[in-house]
Amino acid sequence: MKIAIASDDGKTIASHFGRTRGFVIVETKDGKITGNEYRSNTFTAHVTGLEGESQADNRHGPILNALSDCQVVVARGMGRRIYDDLAAADIEVFVTNEVEAEKAAEQYLMGKLVDNPDQTCDHSVDED
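Residues numbered from 1 in each chain as written. Predicted model: local features only at pLDDT ≥ 70, side-chain atom pairs only at ≥ 80, totals over all residues. Heavy atoms only, no water.

1. Re helix α4 (residues 101–109)
Point 1. Within α4, burial applies to A101, A104, A105, Q107 and Y108. The buried residues of α4 occupy an angular sector of 160° when projected down its axis, which confines them to one face.
Point 2. Buried residues along α4 sit against β1 (2–7), β2 (22–29), β3 (32–40), β4 (72–75) and β5 (92–95).
Point 3. Where α4 ends, the next residue or the one after it, G111, has phi of about 75°, a positive value. (Buried < 20%, exposed > 50% of the residue type's maximum accessible area, 1.4 Å probe, protein only. Helix = DSSP H or I, 4+ residues; strand = E, 2+ residues; numbered from the N terminus. Arc of directions from axis to C-beta. Contact = heavy atoms within 4.5 Å.)

2. Considerations on the sheet that holds β2
Point 1. Strand order in this open sheet of five strands is β3-β2-β1-β4-β5, and the pairing throughout is mixed. Of all the strands in the sheet, just β3 and β5 have a single pairing partner and so form its edges. When strand polarity is set aside, the average angle formed by the axes of neighbouring strands in this sheet is 20°.
Point 2. Of the strand pairs in this sheet, β2 and β3 are connected by eight bridges, and their pairing is antiparallel. Residue pairing across strands places V26 opposite N36, the latter belonging to β3.
Point 3. Against the sheet, α4 makes contact with β1, β2, β3, β4 and β5, and its axis sits at roughly 135° relative to β3, the strand it touches most. (Pairing = 2+ DSSP bridges. Axes fitted to C-alpha atoms, helices over the stretch in contact; angles between N-to-C directions.)

3. Examining the nonpolar core
Grouped burial of nonpolar side chains is what soluble globular proteins tend to show.
Point 1. Counting 20 residues, the largest nonpolar core has F17, F23, I63, L67, V73, M78 and L86 as its most contacted members.
Point 2. Secondary structure elements with two or more residues in this core: β1, β2, α2 (61–66), β4, α3 (80–88) and β5.
Point 3. By residue number, the principal contributor to this core is α3, which donates three residues.
Point 4. Those residues in contact with I63, other than ones at most four positions away along the chain, are F17, F23, F43, T44 and I82.
Point 5. Among the nonpolar cores identified, the runner-up in size contains 13 residues, and I13, V26, V74 and A105 belong to it. (Core = buried A, V, L, I, M, F, W, Y, C linked by side-chain atoms within 4.5 Å.)

4. Some points on the pattern of salt bridges
Point 1. What the rule picks out here adds up to four salt bridges.
Point 2. Between D84 and R80 there is a salt bridge, with its nearest N and O atoms 3.1 Å apart. With D84 and R80 both in helix α3, this residue pair falls four residues apart, about one helical turn.
Point 3. By relative accessible area, D84 is classed as partly exposed at 36%.
Point 4. A relative accessible area of 33% places R80 in the partly exposed class. (Salt bridge = Lys/Arg side-chain N within 4 Å of Asp/Glu carboxyl O.)

5. Looking at α3
An α-helical turn contains 3.6 residues, so any two residues separated by three or four positions project in the same direction.
Point 1. Within the span of α3, buried status applies to R81, I82, Y83 and L86.
Point 2. Against the buried residues of α3 lie α2, β4 and β5.
Point 3. D90 lies just past α3 and shows a positive phi near 60°.

6. Notes on the packing of aromatic side chains
Point 1. Under the definition given, this model contains two aromatic pairs.
Point 2. Residues F94 and Y108 carry aromatic rings whose centres are separated by 5.6 Å and whose planes lie at 80° to one another, so their mutual orientation is edge-to-face. Linking F94 in strand β5 with Y108 in helix α4, this pair joins segments that are 14 residues apart in sequence. The pair formed by F94 and Y108 is uniform in burial state, with each residue classed as buried. (Phe/Tyr/Trp six-rings, centres within 6.5 Å; stacked < 30°, edge-to-face > 60°.)

Rendered as structure tokens:
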């Protein structure tokens, strides 16, 4: 299983999913962390210049494709639309208060990571 954690530095969790510099991809097996990699963010609407595009456009397609091998996504903040789109793609989503990426992955594996969906952003322009 893979957990994608939004992170600007590979260690801490980014406060905004769509503006993160990249994602720590934590690989797990049998409830234990077995490795990780860092994927640079080249696919969210904020990075690709599609920010503010019409909702009719599938602005989240690139991020959904880029993280399609992950079963869980973690960030400290994100727009409600991407939260819902990730969930609709059968990706478990967590908006957390945790700051450390590795600690969040460990909490998830122990069933202790808390999701705060009420902390999603309600942008006037629908953003990531």
